[in-house]
Amino acid sequence: MLPQATIKSPSNSNAPREWQLEDLIDFDFALESASKSGKISDHQHREAFLQFQKENDRNGTKSNSTERSKAFRYWLDKQRQRPPLADALPGQLFCRGIRTLRTLIYLAALLSGTLMTAALLRYDGTQPTNVAGFLSLLLGGQLVLLAATGAGFLLRRFGIIRWESGIIAPGIHFCLNRCVKWIQQNVQEKSSAESRLRMQAFLGSVTRKHSHYQAIILGILSTLLQSFGIWFNVAAVATTLFLVTVSDRAFGWQSSLNLSSQEIHHVTQRIASPWSFILPSIAPTITEIEGSRIFLKDGIKTLANQNLVSWWPFLACSLLVYGFAPRFLLWLGSHWFVRNRLNQIRFDSLTCDRLWESMNKQELRTSGSALGKPENPPPPLEMVALQEAPPMSEEKKEEPYALVIVEPELAKRSSQNKIDTAIHELIGWTVSRWIKLPDETQSSAVFWEQVEPIRNEASFERIVLIQEAFQPPIRETIAWIKELRATQAPNGKMMIYLVGRPKEAGRRQEVCETNHQVWTQSVDALHDNNLAVSLLEIIDDNE
Amino acid sequence: MTTSSPIPTYTVVGHPNEGKSSVVATLTEDDTVRISPIPGETTLSREYPVQIDGRTVIQFVDTPGFQYPRRILEWFREEGSNTSNLAEAFIASQGTDPDLSHDVQLLTPLTHGCGIIYVIDGSRPISSTDRIEMEILRLTGNPRMAIINPKEFQENYISQWKSACAKAFNSIRIFDAHQATYSERIALLESLKGINQDWEAALASAIEAFESDWASRIHQVSGILCELIRSGITQAESKSIFNLSEEESAKEKLQKKYENALHSVEKECHQSIRKLFKHNIFNIDIPPQSVLHDELFTERTWQVLGLSKKQIVSTAAVIGGGLGVKIDLALAGLSFGVFTLSGAIAGATTAWLRGEKLARTTIKKQKIGGIKITVGPNTNPQFPFILIDRAMLYFQHVSNWAHARSKPTSSTTSTALQLASVESGFTSHWSKQQRDTCAQYIKSVAADAPYEKQAETERECRKMLEEMLFEISKSNEPTSKAAN
Ligand SMILES: Nc1nc2c(ncn2[C@@H]2O[C@H](COP(=O)(O)OP(=O)(O)OP(=O)(O)O)[C@@H](O)[C@H]2O)c(=O)[nH]1
Ligand SMILES: [Mg+2]
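This section reports on the structure supplied with the text. Remember, it's a predicted structure, so these values are computed and weren't measured experimentally. (Residues numbered from 1 in each chain as written. Chains lettered and ligands numbered in written order. Predicted model: local features only at pLDDT ≥ 70, side-chain atom pairs only at ≥ 80, totals over all residues. Heavy atoms only, no water.)

## Details of the site of ligand 1
Residue and element names in this part refer to chain B. Short version of the rule: One heavy atom within 4 Å of a molecule or strand makes the whole residue count as near it. Under the rule applied, a polar contact is a pair of N or O atoms within 3.5 Å (in protein, one hydrogen donor and one hydrogen acceptor; residues adjacent in sequence only if both atoms are side-chain atoms). Shrake-Rupley sampling with a 1.4 Å probe provides the accessible areas, and residues are treated as covered by the protein chains on show and by no other component. Side-chain classes follow a simple rule in which Ala, Val, Leu, Ile, Met, Phe, Trp, Tyr, Cys and Pro form the nonpolar group, Asp, Glu, Lys and Arg form the charged group, and the remainder, Gly included, forms the polar group.
What surrounds ligand 1 is a group of 23 residues, the closest being Lys20, Ser21, Ser22, Gly40 and Thr42. Between ligand 1 and Lys20 there is a distance of 2.7 Å, counted from an oxygen atom to a side-chain nitrogen or oxygen. Compared with its free state, where it exposes 640 Å², ligand 1 has 95% of that area covered by protein. Of the residues in the shell around ligand 1, the class split is seven nonpolar, eleven polar and five charged.

## Considering a nonpolar patch on the surface
We count it as follows: Patch criteria: residues need more than 30% relative accessible area and no salt bridge. Like-charged residues are merged within 9 Å; nonpolar side chains of Val, Leu, Ile, Met, Phe, Trp and Tyr are merged within 5 Å. Any carboxyl oxygen of Asp or Glu that lies within 4 Å of a side-chain nitrogen of Lys or Arg is treated as forming a salt bridge with it. A run of H or I in DSSP counts as a helix once it spans at least four residues, and a run of E counts as a strand once it spans at least two, with each numbered from the N terminus.
Together, Phe94, Ile217 and Leu221 of chain A make up a nonpolar patch on the protein surface, roughly 200 Å² of accessible area in all. Its location among the elements puts Ile217 of chain A in helix α9 (residues 210–246).

## Regarding the coordination of the magnesium ion (ligand 2)
Residue and element names in this part refer to chain B. What counts is decided by this rule: Each metal site is built from N, O and S donor atoms within 2.8 Å (3.2 Å for Na, K and Ca), and since water is not included, such sites may look incomplete. Residue burial is assigned from relative accessible area. The probe radius is 1.4 Å, only protein chains are included, and a residue is buried under 20% of its type maximum, exposed over 50%, and partly exposed in between.
Ligation of the magnesium ion (ligand 2) by protein atoms is provided by Ser21 (OG) and Thr42 (OG1), these donors lying 1.9 to 2.0 Å from the ion. Taken together, the positions of Ser21 in helix α1 (residues 20–28) and Thr42 in the loop between α1 and β2 (46–52) put the pair 21 residues apart, joining distant regions of the chain. Exposure class is identical for Ser21 and Thr42. Each is buried.

## Describing the interface of chain A and chain B
Note on interface size: it is often stated as the accessible area lost on association of the parts. Here is the rule: Here, two residues are considered to be in contact whenever any of their heavy atoms come within 4.5 Å of each other. Here the quantity called buried area is the total loss of accessible area, with a 1.4 Å probe, experienced by two parts when brought into contact, counted for both.
Counting residues at the interface gives 33 residues for chain A, matched by 39 residues for chain B. For the chain A and chain B pair, buried surface summed over both sides reaches about 2,900 Å², with 45% attributable to carbon and sulfur atoms. Broken down residue by residue, the surface that chain A buries against chain B is led by Glu440, Arg475 and Glu476 of chain A, which jointly contribute 23%. On inspection of chain A and its partner chain B, the count reaches three salt bridges. For Glu440 of chain A, the salt bridge identified is with Arg131 of chain B, shortest N-O distance 3.9 Å. Elements that contribute at least two residues to the side of chain A that touches chain B include exactly α8 (193–208), α16 (408–413), α19 (475–487) and α20 (513–524) of chain A. Counting residues per element, the side of chain A that touches chain B draws most heavily on α8 of chain A, at four residues.

## Looking at the packing of aromatic side chains
Quick note on the threshold: Pairing of aromatic rings covers Phe, Tyr and Trp, the last through its six-membered ring, and needs centres within 6.5 Å; plane angles under 30 degrees mean stacked, over 60 mean edge-to-face, and all others mean tilted. Only when the NZ atom of a Lys or the CZ atom of an Arg is both within 6 Å of the ring centre and within 35 degrees of the ring normal do we say a charge sits over the ring.
Under the defined criterion, the tally for this structure stands at 22 aromatic pairs over all chains. Between Phe324 of chain A and Phe328 of chain A, the aromatic rings sit 5.8 Å apart at their centres with planes inclined by 15 degrees, giving stacked as the arrangement. One end of the pair, Phe324 of chain A, and the other, Phe328 of chain A, are both in helix α13 (residues 312–344), four residues apart, so they sit about a helical turn from each other. Since its relative accessible area comes to 34%, Phe328 of chain A is described here as partly exposed. Ring geometry for Tyr118 of chain B against Phe169 of chain B: centres 5.4 Å apart, planes inclined by 5 degrees, an arrangement best described as stacked. With Tyr118 of chain B in strand β4 (residues 115–120) and Phe169 of chain B in the loop between α6 (158–166) and β6 (171–174), this residue pair connects regions lying 51 residues apart in the sequence. The residues Tyr118 of chain B and Phe169 of chain B share a single accessibility class, namely buried. The lysine or arginine in question, Arg71 of chain B, covers the ring of Tyr68 of chain B, its NZ or CZ lying 5.5 Å from the ring centre.

In structure tokens, the structure reads:
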């Protein structure tokens, strides 16, 4: 443990820091490693929370002290100084990658904009730049993309497709699923149970994170794409201005159809309408249009110079208005979207709940926690901090009711009360309902009949399954868990608490490491953010 | 249900990770069966025939564990009245579902009407899933037997299991896949007779084949032991040197060479015993405090193993000049002297016999100049008995070592029980007659008696050794259990 006094937490500064993507990645990483190593109910979390409150008091920002997002942010800053995270900050790594990518994109945009414009503006005294070609090459593609973006937005806006879906994400999913299928068919049967389980758990945790990040990452990708557009247009305009200023260029139009100058004028007026209020002069006049029509057989000798150059302000303005401006707006929009999404994260996943619970729980324990060996006891200084602590904070607005599901044998052996208390201590849920799983004489439908009437109750949002760890997670059980999760509301949570095998005197043995691991991995394979496995110590009543 | 196969076939089924593969490994003496502490190791059903002289006498089928017991039972209950072969009907209607792959693998062998061996871990309480599985097996109608394989040494649930199994199974046995000995395996086969009358005769002949196979293994071990004695007591290394200043270092080198040679002779003997008992892949852990860990010539080996002082004196008398005369006069004198000297001196002599473990070094002047140094053979009458004791300890260990256990176990309880300490060897418990039979053989080999004489004494000795080996292997208490 680091000496706490020396830690200079960034949130000492008055302005509460906002969540960035890198924080989020680090946070998830830290949270995951805490829950994997069983340290989620560690007293260090409580300490961090108390310090957070103290600092808030000192800074006079009392009202905020109970907000999860801020407390977690503070916790994260503390975690960042601890070994697992301090050694490798995955968020920073990710963001450095994004920054590098961004630089590359800027360079590519500038380069391609410049080269393309320069190529289009080539003029050797015989062949002026074709205005229609210039516009369609530089703007046409962009406008098509813009239209696609707009359509996509509208489709999402009206809920025809989901925000998170796009072309890329389903594609990745499809490929991943294909891979998983292939692996299952070709590799699994031959590999050992251990490596098979590990593989499934790995695939599960890879695909799991997406729900959370997909929108944000898509937003960031969109920002990158828009900035490409911005810099491309900037380069195009700059190149045009530069070439027109320092060299002789000519523009003209041509058509095999019998188009009159009036018609062309009409079109250009239309195009120029966005800026015609301010700068009505930036559009070629009928005479200038007439004077820049090119018939290849006649050459351009007969055309007046002044008419041939008259097009460039119009072209530059078109690039700015139709190329640059929408990209810039979209860029702003994506930026806003990402920030908004980041600020909207509610940190109410199951693991967040568990962390929050361990932060808010007053430490009355004197010895080992429910998860086994006591951690190194806090030094006396921190004990003082514990006493100063204000009591339980908010989150009492609505009681977190929960439903407990148990095997019939287990229900026979242990008392409801003790289990309820243990659950409340561990995760802060208030058990309000019990369901016994059907025994061998009943059909599985019995369970669903019991569930049906309470599906809309608050308790159904938090399910606790008490499971004897020595029963391996057979496919039937896992499929049932999946089905149960599907009947819960989207943000419903489920905890699986493992108990050891019964011993004499009501005690249960400690869950053996292998069983714990097998269960964790099997559940990880479900790639479900709001489903977790942990250990529970209960004392049986009878026998 | 018809019994189509003339070869008794038993499908070993059960919950994942209960020890099905372990039971198959032990019953078929096959240490290549895949066993793992992670459930779901076995994914395909596989037949493990037991072949004796190329003839399959019985076969076991290892299967994956039940993955959808409830679904199978519910289907069985619904369709139960429509069909006689439920397993077959289930596979026909549901078999294409990839989720059911393990269950289909498990049920397939049952469609042919083979016997069922249901394996359960007797160290955990029974659950409704187990009752569902039992009901499924009952509904298949195949002859069936339950094996309670206590994975941990907690016997509290065995009676609970027994009463639960009584309703659904024709026979119940406790069979510890990690501790089962030869006789326990035979006993299991005997009880399989009871679950299916059709196979009674076939099983009886299978058991007979097992027994004669076992006898032939023991016969071979006795041969190996005699060979060990022969090599042990005739082993010698010699070297001529011409530069006398090298004498000391040459002696030392020869001594080492002699010890190494003996060591490899012994190791070869142990290897061939191990092969006989089909432990091919993995090393068998000798209990940590077993005297077998000590080298041949360490103090402890010679204190613990071999004959007692009294016994050695009388045995040395039998061997008589055999060992000694051939070698040199000093020893001959002693060997002859043993039975003539008075008690007190006899005590001193036996002390010497115990103390002088190593082979003597002799030096002879050569006619061509220089000297010839010879180390060995070891003339100590105790020495062959120590070799026998070590080999027999090894035999005891290997012959009772369940094949499921070849891999390191995760559980510490079972290793704790393996910690058997050996207080003494076997030879000191032999009768005088047995000792003398052995001594006769030693004498004939050491004295390089005529071939017929050697062959005769060897026959006698092997007969005696076989008896002793049988006793060791038949005893229901291997060292590990005796220690408890
Ligand atoms: N101590 C002890 N362990 C046992 C015994 N039998 C099996 N085991 C252990 O239990 C675990 C599972 O054994 P397996 O034989 O692979 O079980 P299985 O039923 O074939 O398992 P699956 O193939 O996964 O369905 C292994 O780690 C074995 O070492 C026993 O009698 N004693
Ligand atoms: Mg297996």
